[in-house]
Amino acid sequence: MAATCDVIVVGAGPAGAEAAMECARHGLDVVLIDEAPDAGGQVYRATPKGFRTQGPREPEAEIGDDLRKRLADSSVRCRFDTLLWSIAPGYRADLLGPDGPSSEEAPIVVIANGARERVVPFPGWTLPGVIGLAGATVMLKSQKVLPGRQTLVAGAGPLLLAVATTLRKAGGEVAGVIDLASRREWLATVPATISRPDLLARGIGWTSRLTLAGVPMRYRQAIRRIEQAEAGKLRAFVGPVYATGAPVAGTVREFVVDAVAVGNGLAPASEVTRLLRAEHVYDTVQKAWVPQLDEDFRTSLPGLFVVGDGAGISGAAAAAIDGRRVGLSIAFDADRLSADNYRAQKRTLSTGAKKARRFGQAMARLMAPRSGQIAAIAADAVVCRCEDVTRAELDAAVADGATSPNQVKAWTRCGMGPCQGRTCGDIASALAAAALGQEAPPAPMTGRSPLRPLPLGVLAGDIDYDDLELPPPAPL
Amino acid sequence: MSKSLPLDAAIIGAGAMGATVALHLARSGMRVALIDRGEICREASGVNAGTLTLHMTRAALVPYAMKGRELWLNAPNWLGMDVGARSAPGFSLAFTREELEMVEKRAEARAAMGAPIELVTPKRACEIDPGLNPSMIAAAFCELDGHVTAYMTGRAYRRALLATGAMIMENSPVTALDREDGLHVIRIDGGAPVRAKRLVLAGGVWLEPMLAWLGLKVPVKTLINQLVVTERMRPVMRSVVGIANGLLSLKQFENGTVLIGGGWQGNGDRVRGGVETIPKNLIGNIQLARHAIPALGETRVNRVWLGLESETADALPMIGEIPGHEEAYVIGCVHSGYTSAPYMGRLLADRILGREPEMPLFGPARLIQKDKNMELSA
Ligand SMILES: Cc1cc2nc3c(=O)[nH]c(=O)nc-3n(C[C@H](O)[C@H](O)[C@H](O)COP(=O)(O)OP(=O)(O)OC[C@H]3O[C@@H](n4cnc5c(N)ncnc54)[C@H](O)[C@@H]3O)c2cc1C
Ligand SMILES: Cc1cc2nc3c(=O)[nH]c(=O)nc-3n(C[C@H](O)[C@H](O)[C@H](O)COP(=O)(O)OP(=O)(O)OC[C@H]3O[C@@H](n4cnc5c(N)ncnc54)[C@H](O)[C@@H]3O)c2cc1C
């Protein structure tokens, strides 16, 4: 392959942007790719042009603007609005951008593609008006749109509070915050959150303001099902759960609302490393496959790194520091800085990373999907929303002898739709493993291109039949 | 497996070929084991395009494919499950003079073997399927075409096999074959050896290393076929569509997805499987597809995958006794092999059961190389 640059970085969130800038600082020629119109990733997403922000600016907005400014001042070659749709060993990144298909080639690739959101299914989670917590954040942050006048917020993890608070700030009404975790589980995170007093204080502030505003905060509860109610509203049934997440007998309350935002945590977006067939390990707590990495974020494949949420959820602050660490290692491997210099810088970064990671991981633990909750998914609940596959259908495939998520997929179409299992794959795999009495599924679902659905017309372009380059015909 | 109770037959490779042989032997009362290193029908037989076309079948195999097609359409009756087999008309289109010549020659060769293929005008073709690009200059038309959803194959066979009492040994990679006390001994990685009176090798592209276990050198070429599936879309076509040179196979399933194939190649091999899509080949394939069915420009490509197809030196199958080895058989390397598998498997089962097969088999002797150097081909 003929390299077009020294390093390709995929994802311009904090992890990817910092990795790219660190490499560039040491004289490497870096191409940074993101499908979004600007750098920032999930937390520091830029507000699209034409949208006016109201009220006081969030700290994230400052950090994001600073990141974008530093990036603009660096020698990193940014390619935004550009999707990585496939990648080949060695490495060739196949892209689709504003000017059509193209590719970049380099011996070193940093994957910093972030996380995807999961929802542990219940009957009704696929109704219009029910959206993910992360989806709600994106709507609120970058499109400045409310999901509905009155919203119920449910699931697990810090996004609950963030979404509820942002909804109210944007003028919406929060009907309740339904948290799978108990108050004690939140308190147990305090030692780790002490490492980020700013965020701890903000979290406490969020909680007390929501409580003061009279928003019902229900701990150790979950949505059991949602039904369509009169006048386009949704009726959510909320009841208590055990620590495992399994429902327990008790009062079931009804909430009639315009919208429901629900999420059960984030998992690494492993589609790129699965496509390249790097080694992965199963995280039994997060119930997700994570690329196998050494301490410098190297995968099992030479020249391939994964950093940020894609390497395991540890939050935006850790992602930024780890991004720099990766950049530093790459520069060192390329002989761009002395061993002493490298070690000194790495030490400083590692200390910061440890602190940041403690916070991020405590939050990740809080939002990990719980076994009892997965086991209790109702038979008629849709697991794969693209293909409308229910839990009962998945169980039937296992009963028919499927022993891997790939076979379950083949026999049910679970994970064959446009999201390619990004939403349902982990849950379906966990269900299959549990049905087979195994702690972990035998292998991840096979990764394939395209990493996102590609407009066929754009990819194929307009052709003149006579100009088509055709291979030789098949034998008679 | 206890030493005292050998099986009547062990079939290695649980693709459609091996599974069909196992099913017929078990239904005739034999005690059989179907052994695979992975799960049932996860290789070629579970990931293929499922086209039941006669336009593309090697002319010599047309009579077999016609039988196989009928069997797929009747799957609920003999296999016990609907695997999504549907009958549809089929076309092979010509857009240039050169292609017209090709279409005529191919149609003629296949018609001579019994395929009801005729040439039709663009107008007639577009009456049958209004989704076609009217700029063609002619088309070969065949009433007998159709498609199956290949990913259901393993589920159907597994249920049917279990109902017969056959043993299905999945996730059991065979590593070597031995002969002891007049029995075949099948060595399995991580498991006890299996003993059987009869042995059937049904390993698809892996037939070359399998035959090497018996000391036989038979080169088997591995094709890395690329398939592309779109998102669900409105009905845009109702026939199975190919073009003269065979580089396109196109159909829309009931769920609205369109499957695009035609033997465009990706990178990979027998050891690593399908490794990477070649973008040039992906783009070439879908350009051709969009040319044939212009409405495809509206949809999105959802997934591209690679499957491994086998081919012998003369591109004809290996089905029959393995020379020099008692009670050992081979089946595989059949062009359009998914279409004919239910029939080919039955023919070999008949031979094993001592019945005269309805149509001739394809003895592997012609393909065995005398050269003693056992290095495997790529
Ligand atoms: C909705 C949401 C809210 C969050 N809120 C907080 C918070 O308040 N505080 C906190 O500490 N953490 C928060 N997190 C976690 C936080 O986002 C991550 O820890 C942090 O953003 C990780 O940074 P990253 O660089 O690894 O990935 P990201 O910031 O997610 O960036 C990944 C980037 O990769 C791009 N990308 C992915 N795939 C492709 C592709 N195939 N082609 C091109 N580009 C691609 C994406 O467009 C994205 O810009 C939140 C996460 C989410 C999802
Ligand atoms: C992408 C693609 C598209 C195709 N499209 C069509 C089509 O439209 N129409 C058509 O008629 N045909 C089509 N074909 C051809 C057809 O799929 C094959 O001819 C047919 O499925 C071959 O079946 P098989 O049982 O011989 O091989 P396979 O299905 O490949 O089965 C071989 C089995 O052997 C097993 N095995 C290998 N090594 C070992 C070992 N050491 N121990 C135990 N088990 C082992 C494998 O795991 C595998 O399950 C296509 C093929 C491909 C790849």
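Just so you know, these numbers come straight off a predicted model, no measurement behind them.

A. How the structure looks around the domain arrangement of chain B. Residue and element names in this part refer to chain B. Domain assignment breaks chain B into domain 1 (9-45 + 152-218 + 314-367) and domain 2 (87-145 + 221-311). If you average the C-alpha positions of domain 1 and of domain 2, the two centres end up 31 Å apart. Each side of the interface is counted separately: domain 1 has 10 residues, and domain 2 has 6 residues. Where domain 1 abuts domain 2, roughly 780 Å² becomes buried across the two surfaces, and 58% of that area is made up of carbon and sulfur atoms. Area buried by domain 1 at its contact with domain 2 is led by Val205, Trp206 and Cys333, which between them contribute 54% of it. Counting every contact that joins domain 1 to domain 2 gives 1 salt bridge. The closest approach of N and O atoms between Glu208 and Arg270, which form a salt bridge, is 3.3 Å. The interface formed by domain 1 and domain 2 includes 2 residue pairs in polar contact (both at pLDDT 80 or more).

B. Examining the UniProt feature "domain: SoxA A3" (unreviewed entry) in chain A more closely. As annotated by UniProt and renumbered to match this structure, "domain: SoxA A3" (unreviewed entry) occupies residues 383-461 of chain A. Structurally, residues 383-461 of chain A is divided into 42% helix and 8% strand, and its ends, taken at the C-alpha atoms, are 36 Å apart.

C. A look at the interface of chain A and chain B. Each partner contributes to the interface: chain A provides 51 residues, whereas chain B provides 55 residues. For the pair chain A and chain B, the summed buried area comes to about 4600 Å², and 53% of that belongs to carbon and sulfur atoms. For the chain A face of the interface with chain B, the top three residues by lost area are A:Leu456, A:Tyr465 and A:Leu476, together amounting to 17%. Across the chain A-chain B interface, the total number found is 5 salt bridges.

D. Expanded view of the packing of aromatic side chains. Residues and elements named next belong to chain B. For the structure on display, the rule yields 8 aromatic pairs over all chains. Pairing Trp78 with Tyr157 gives two aromatic rings, centres 6.2 Å apart and planes at 70°, and the pair type is edge-to-face. Here the residue Trp78 occupies a position in helix α4 (residues 75-78), and Tyr157 occupies one in helix α7 (residues 153-164), the gap between them amounting to 79 residues. Accessibility expressed as a relative area gives 0% for Tyr157, which makes it buried. Taken together through their ring pairs, the aromatic side chains of Tyr64, Tyr343 and Phe362 make up a single cluster.

How each quantity is defined
- Residues numbered from 1 in each chain as written.
- Chains lettered and ligands numbered in written order.
- Predicted model: local features only at pLDDT ≥ 70, side-chain atom pairs only at ≥ 80, totals over all residues.
- Heavy atoms only, no water.
- Domains from an automatic or database assignment.
- Contact = heavy atoms within 4.5 Å.
- Buried area = accessible area lost by both parts, 1.4 Å probe.
- Salt bridge = Lys/Arg side-chain N within 4 Å of Asp/Glu carboxyl O.
- Polar contact = N/O pair within 3.5 Å; in protein donor to acceptor, adjacent residues only side chain to side chain.
- UniProt positions renumbered as here; feature names shortened; annotations may be inferred.
- Helix = DSSP H or I, 4+ residues; strand = E, 2+ residues; numbered from the N terminus.
- Phe/Tyr/Trp six-rings, centres within 6.5 Å; stacked < 30°, edge-to-face > 60°.
- Buried < 20%, exposed > 50% of the residue type's maximum accessible area, 1.4 Å probe, protein only.

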